[in-house]
Amino acid sequence: MSMQERYEEHVRKRQALEKHPMAHAWVNQERRYMKPFQIYGNLYYVGDTWVSAHIVDTGEGLLLFDSGNYGATAMLIQAIWEMGFNPADVKWLVLSHGHVDHIGSANFFKEMFGTKLYLGAPDAEMFRSRPWLSLLQESPNYEDTLFVPDVEIQDGDVITFGNTTVQFYITPGHTEGCISCFFDVTDGVTPKRVGYFGGFGFNTLQKSFLLEIGDTSYDMRNQYLASLDKVRDEKVEIFMSNHPNNVDLLKKREYMMAHPGENPFIDDTAWGIYLDGKRKDLLKFMEDPKNS
């Protein structure tokens, strides 16, 4: 094949990608970039307008929660720099679950900076035995690969990163290895309790998806309900989002900018209200005849 023919093939593939139903996930991701900002104390937002990523400055290195979509590594690096941090100081990366849109920069951080990677043990097993459930095959870049976690998080683990101690729970539903976690952040005077639920989407609870993976009794839906109950009553003063729409992050950021000194992210009711809403939505989803 000549250089011209290879170029024309490349153009055809690009055009096909732009027409794909999931094109929004992969094409021109830079349009989703947003200026990073401080949520409270040593907690910072460095994600984009679609997928969340957060940094905790532990005093002994940076703790990063989630690493964005495949193909969006440059945006995450820019956000960390723009926030005033050095990406090389990210010592630990906790992945909320093993889906393609949250793990995209994991290999880069591990290989470039020696960052330790943490993933829920059931999703680590998923990578080994059924890697297609990561949805990596949806990426148009054949160079993308899954990572090998340094630490497989178990239910009930308590792990200390610098000055930050994190309580972990396995909360299956969106994936089998979704993690939820709780930890304190501080402005140097007043600590606030952060809560993080690793994945809220119902896309992996669809009938067709569950039948394909062999869950003929749709047990994963019941596991999701149990997970919501498991962490519902945890004390949470700052609800850290998996995706910005979980907490109306963009609107809250606009409010902070328009009202200096006020912080809508500090809300000890938001966690319970949202989890209760998800439980109601899931029960309605399960009762719908087209999903049974």
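As a reminder, the structure under discussion sits directly above these lines.
Structural notes, computed from the coordinates. Just so it is clear, the structure is predicted and the values come from calculations on it, not from any experiment. (Residues numbered from 1 in each chain as written. Predicted model: local features only at pLDDT ≥ 70, side-chain atom pairs only at ≥ 80, totals over all residues. Heavy atoms only, no water.)

Brief notes about the sheet that holds strand β7 (residues 151-153)
- The seven strands lie next to each other as β1-β2-β3-β4-β5-β6-β7, forming an open sheet whose pairing is mixed. Because the sheet does not close on itself, it has two edges, and the strands there are β1 (37-40) and β7. Averaged over all pairs of adjacent strands, the angle between their axes in this sheet comes to 25°, without regard to strand direction.
- In this structure, strand β2 (residues 43-45) lies alongside strand β3 (residues 54-57), joined through three bridges in antiparallel fashion. Note on β3: the bridge partner recorded for L43 is V56. (Pairing = 2+ DSSP bridges. Helix = DSSP H or I, 4+ residues; strand = E, 2+ residues; numbered from the N terminus. Axes fitted to C-alpha atoms, helices over the stretch in contact; angles between N-to-C directions.)

Focus: the pattern of salt bridges
- Taken as a whole and judged by the stated rule, the model has 12 salt bridges.
- For K230, the salt bridge identified is with D155, shortest N-O distance 2.8 Å. Of this pair, K230 sits in helix α7 (residues 219-231) while D155 sits in the loop between β7 and β8 (158-161); the two residues are 75 residues apart in sequence, bridging distant segments of the chain.
- Take K230: its relative accessible area is 39%, and that puts it in the partly exposed class.
- Among the residues examined, D155 registers a relative accessible area of 44% and is labelled partly exposed. (Salt bridge = Lys/Arg side-chain N within 4 Å of Asp/Glu carboxyl O. Buried < 20%, exposed > 50% of the residue type's maximum accessible area, 1.4 Å probe, protein only.)

A look at the side chain of S67
- Its place among the elements puts S67 in the loop between β4 (62-65) and α3 (73-82).
- Given the relative accessible area of 0%, S67 is considered buried.
- Here G104 takes part through its backbone nitrogen, which lies 3.5 Å from a polar atom of the side chain of S67.
- With near-sequence residues (within four places) excluded, S67 lies in contact with L76, L93, L95, H102, I103, G104, S105 and A106. (Polar contact = N/O pair within 3.5 Å; in protein donor to acceptor, adjacent residues only side chain to side chain. Contact = heavy atoms within 4.5 Å.)

Observations concerning unusual backbone geometry
- In the Ramachandran plot, N28 falls in the positive-phi region, its phi being about 50° despite a non-glycine side chain.
- Structurally, N28 is set in the loop between α2 (23-26) and β1.
- Residues other than glycine seldom take positive phi values, yet L135 does so here, at roughly 70°.
- By the element assignment, L135 lies in the loop between α5 (121-129) and β7.
- Judged by its relative accessible area of 21%, L135 falls in the partly exposed class.

What about the nonpolar core?
- Judged by nonpolar contacts, the single largest core of 83 residues is most densely connected at V46, L64, F65, V94, F161, F168 and F183.
- Apart from the residues within four sequence positions on either side, V46 is in contact with P36, A53, H54, I55, L64, L76, A79, I80 and M83. (Core = buried A, V, L, I, M, F, W, Y, C linked by side-chain atoms within 4.5 Å.)

What to know about the pairing of β3
- Taken together, the four bridges between β3 and β4 define a ladder with antiparallel strand orientation. Bridging from a neighbouring strand, H54 pairs with F65 of β4.
- Counting the residues that bridge the hairpin from β3 to β4 gives four residues, and of these G59 lies at a positive phi of roughly 85°.

Remember that the coordinates give geometry; whether it matters functionally is a separate question.
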